[in-house]
Amino acid sequence: METLYGFAELASHMIRQRIVVAPWLTWGQGQNRIPRRLQEEIERVALGLANGHWNPTWEFCLVERYPLEKDRAWEAYYETISSTAVYLSHLELGQLEVTEEMVRVAERLVEDFAETVSPQRFVSFYMLTIVYDNLQVLDHYGSMAVDDFLQGQFHRPWATATLQRELRATMAAGGIELSPAEGRVQLTALGKEVLHSLKEMLTSSGFLRHRARLIRMNNFNILEDMDLITETLGKNIPQLRKRVIELGQIQPGMTVLELGCGTGGLTFDAGLFEVVGPNGRLVATDPSTGVLAALRRKREAYQASWVEVQRARAERLPWPADSFDRVLGYAFLQFTDLEQACSEIARVLKPGGIFASLHPLHFPAQSDFFLEWFEPLIKAKPLSGNLDTLPGPDTVPAVLGARFEILDLQYVDTELLYSFPSLVVKAFVDVANVFEEPMMYLPWRAREAMIDQLIKKGEEIVRKYPAHKLVEQHPCQLIRARVRK
Ligand SMILES: C[S@@+](CC[C@H](N)C(=O)[O-])C[C@H]1O[C@@H](n2cnc3c(N)ncnc32)[C@H](O)[C@@H]1O
């Protein structure tokens, strides 16, 4: 669609600027995560920006030209600043609670961005994301009761007003029509065509993928039972963690950095802290403050004062170059931006320093029980050809190869136990969001419904298959690499 020209580029630019349009991020347990006082400040700033930028000649162009009202500009600024503030709080502080400072940074980023791309185009892009959500929900459900659409419960529960005006406008534009069933609406052929173009633009720009990744960020941050999940699902995880420590060839007294340490499975449970010893320095890091609190409790219990706990994302490490003899991690690399993470790991390693990681590879997706259980996701046939976002055997070596010499590459299996459906679905589908692609086109409520449906299906599977059949060998890659500097 010609009128979408240039918006994919705008969306990618927006992601690079760390600006997000994901209003649901501001929601946690059905409540706004942003304290009332800061919400009011954002409202005020959004109003100031809308008043300063908007003028009556503004138009939004999709199929036809429509006047772009001032309150749309307000909404675009308000929702973008709010969700960006939550996102930045996670990136910078590892928490979803928004601080005043992050609100200020978000306000400045959004204002600068809007001025760079033109405020009218910024607001138009926001409108395109709304039209996408409105059309996508109808495409997904086929038709919807008018009231459900208006309340936005299935696709935009965070909307502050009813979607009356949006419904009217989209009907007037010919994208939505009344369905033959009473009181319901559905997409028209034109609506489907517009949806197709929007989906293409929002996919190719990386917007939908980025929005889906935010779900993982959100869920890791509020995850409280990581130990329970790993202990229950992975039978041989303790042994595999030990393999990572061996692979690292650590000498007592070394300076070691652990990335994605979670609640301390490698640091404490597998004994990394003892291998490094009190004459060394072990820095355990993770981006989520929730898991770090549990890690600190373990440090107290073990009285391991040489273990430092610090919040950090692998993509941006807060240490100078040449700081560590070793960088290690168990099952974290698959969640990072590989290029950025590998470049940061290379930077903080001392010359000749070694990086060791164990990361899972694609789900084998071969056992009868697995194919039957996850059929709704498999059926969605992701465009990338991969059901999950995990790396293939060549992915990590190829990226690492640019800065590292690969010294050792081994393959081992994690024995995953599928007998606890709600834990399995929570761990893989919801929290880790590894089936991101088949899930990413689902409207908000449909994503939640899919999770429930998969848990129910899993309960059937557990009744149907004998327990010994519900174990799958999940391939993992172990890698040891020496930095080239
Ligand atoms: C499967 S858990 C593994 C935890 C721990 N290594 C263990 O052995 O139990 C993955 C961890 O990676 C962390 N993680 C997610 N994104 C990350 C990133 N960009 N950089 C570093 N760690 C990340 C998560 O917060 C989570 O704690």
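This text gives an overview of the structure that appears in the document. Because the structure is predicted, anything quoted here is derived from the model rather than measured. Per chain, residues are indexed from 1 in the order of the written sequence. Side-chain atom pairs in this predicted model are given and counted only at pLDDT of 80 or more, local residue features only at pLDDT of at least 70, and totals for whole chains, interfaces and linings cover all residues. Note that water and hydrogens are dropped before the side-chain values are worked out from all heavy atoms of the structure.

With respect to the sheet that holds strand 7 (residues 184-187)
In this analysis, strands are considered paired if DSSP registers two or more bridges between them. Each helix corresponds to a stretch of at least 4 residues labelled H or I by DSSP, and each strand to a stretch of at least 2 residues labelled E; elements are numbered beginning at the N terminus. Ordered by their spatial adjacency, three strands build an open sheet running 5-7-6, and the pairing between neighbours is antiparallel. Edge positions in the open sheet fall to strand 5 (143-145) and strand 6 (176-178), since each of these has one partner strand only. Averaged over neighbouring strand pairs, the angle between their axes works out to 30° when direction is ignored. Where strand 5 lies against strand 7, three bridges are found, and the strand directions are antiparallel. Note on strand 7: the bridge partner recorded for Ser143 is Gln186. On top of the sheet, helix 7 (residues 164-172) reaches strand 6 and strand 7; it is set at about 95° to strand 6, its chief contact. Here the axes come from fitting lines to C-alpha atoms, over the contacting stretch only for helices, and the angles between their N-to-C directions go from 0 to 180 degrees. Contact definition: two residues touch when any of their heavy atoms are within 4.5 Å.

Comments concerning the pattern of salt bridges
Salt bridges, as used here, are contacts in which a Lys or Arg side-chain nitrogen is within 4 Å of a carboxyl oxygen on Asp or Glu. With the rule as written, the count across this model stands at 30 salt bridges. Measuring nitrogen to oxygen at the nearest pair gives 3.1 Å for the salt bridge that ties Asp133 to Arg211. Remark: Arg211 occurs in helix 9 (residues 207-221) and Asp133 occurs in helix 5 (residues 119-141); sequence separation between them is 78 residues. By the burial criterion, Asp133 is buried, and Arg211 matches it. For Glu166, the salt bridge is made with Arg156, and the minimal N-O distance between the two is 2.5 Å. Here the residue Glu166 occupies a position in helix 7, and Arg156 occupies one in the loop between helix 6 (146-151) and helix 7, the gap between them amounting to 10 residues. No difference in accessibility class separates Glu166 from Arg156, as the two residues are buried. Relative accessible area decides the class of each residue, using a 1.4 Å probe on protein chains only: under 20% of the type maximum gives buried, over 50% gives exposed, and in between gives partly exposed.

Quick look at the nonpolar core
We call a set of buried Ala, Val, Leu, Ile, Met, Phe, Trp, Tyr and Cys residues a nonpolar core when their side-chain atoms join them within 4.5 Å. If you look at the biggest cluster of nonpolar residues, it comprises 76 residues, and the most contacted ones within it are Leu25, Phe122, Phe125, Phe149 and Leu198. Among the elements that make up this core, the one with the highest residue count is helix 5 (12 residues). Among all residues touching Leu25, those that are not within four sequence positions of it are Val20, Arg33, Ser83, Val86, Tyr87, Leu214, Met217 and Asn218.

Some details on the site of the ligand
By convention in these notes, a residue is near a molecule or strand provided one of its non-hydrogen atoms lies within 4 Å of it. Taken together, the neighbourhood of the ligand is formed by 18 residues, with Arg241, Gly260, Asp286, Glu315 and Tyr330 sitting nearest. What qualifies as a polar contact is a pair of N or O atoms within 3.5 Å, subject to a donor-acceptor requirement within protein and to the restriction that residues adjacent in sequence count only when both atoms come from side chains. With respect to the ligand, the side chain of Arg241 contributes an N or O atom lying 2.8 Å from an oxygen atom. Note that an oxygen atom of the ligand is positioned 3.4 Å from one of the side-chain N or O atoms of Ser288. Method for areas: the Shrake-Rupley scheme with a 1.4 Å probe, in which residue coverage is limited to the protein chains shown. Look at the ligand: alone it shows 600 Å² of surface, and the protein chains cover 91% of it.

Comments concerning the packing of helix 2 (residues 36-53) against helix 3 (residues 70-93)
The axes of two packed helices give the description: the angle between them and the distance between them. Relative orientation of the contacting elements helix 2 and helix 3 amounts to 135°, with a least axis distance of 8 Å. As judged from the angle between their axes, helix 2 and helix 3 are oblique. Of the two possible hands of crossing, helix 2 and helix 3 adopt the one that is right-handed. Of helix 3, the residues touching helix 2 (which contributes Gln39, Ile42, Glu43, Val45, Ala46, Leu47, Leu49, Ala50, Asn51 and His53) are Lys70, Ala73, Trp74, Tyr77, Tyr78, Ile81 and Ser82. Class assignment for the residues of the contact of helix 2 with helix 3 results in 11 nonpolar, four polar and two charged. An angle below 35 degrees is treated as roughly parallel, one above 145 as roughly antiparallel, one from 65 to 115 as roughly perpendicular, and anything else as oblique. In this scheme, a crossing is called left-handed if the near helix is turned counterclockwise away from the far one by less than a right angle; it is called right-handed if the turn is clockwise. Under the scheme applied, nonpolar residues are Ala, Val, Leu, Ile, Met, Phe, Trp, Tyr, Cys and Pro; charged residues are Asp, Glu, Lys and Arg; polar residues are all the others, including Gly.

Regarding the packing of aromatic side chains
Centre distance within 6.5 Å is the pairing criterion for rings of Phe, Tyr and Trp, where only the six-membered ring of Trp is used; planes under 30 degrees apart are then read as stacked, over 60 as edge-to-face, and the remainder as tilted. Tallied over the full model, the rule gives 24 aromatic pairs. Both rings, one in Phe60 and one in Tyr66, keep their centres 6.4 Å apart while their planes meet at 35°; by these two values the pair is tilted. According to the relative accessible area criterion, Phe60 is buried, its value standing at 7%. Judged by centre distance (5.0 Å) and plane angle (5°), the rings of Trp74 and Tyr78 are stacked. Taken together, the residues Trp74 and Tyr78, both in helix 3 and four residues apart, mark about one turn of the helix. Accessibility expressed as a relative area gives 12% for Tyr78, which makes it buried. An aromatic cluster is present here, built from Phe363, Phe369, Phe370, Trp373, Phe374, Tyr418, Phe428, Phe435 and Tyr465 joined pairwise through their rings. Geometrically, a charge over a ring is one whose NZ (Lys) or CZ (Arg) sits within 6 Å of the ring centre while staying within 35 degrees of the ring normal. Taking the ring centre of Phe7 as reference, the NZ or CZ of Arg121 above it sits at 4.1 Å. One cation-aromatic arrangement involves Lys199 over Tyr441; the distance from NZ or CZ to the ring centre is 4.8 Å.

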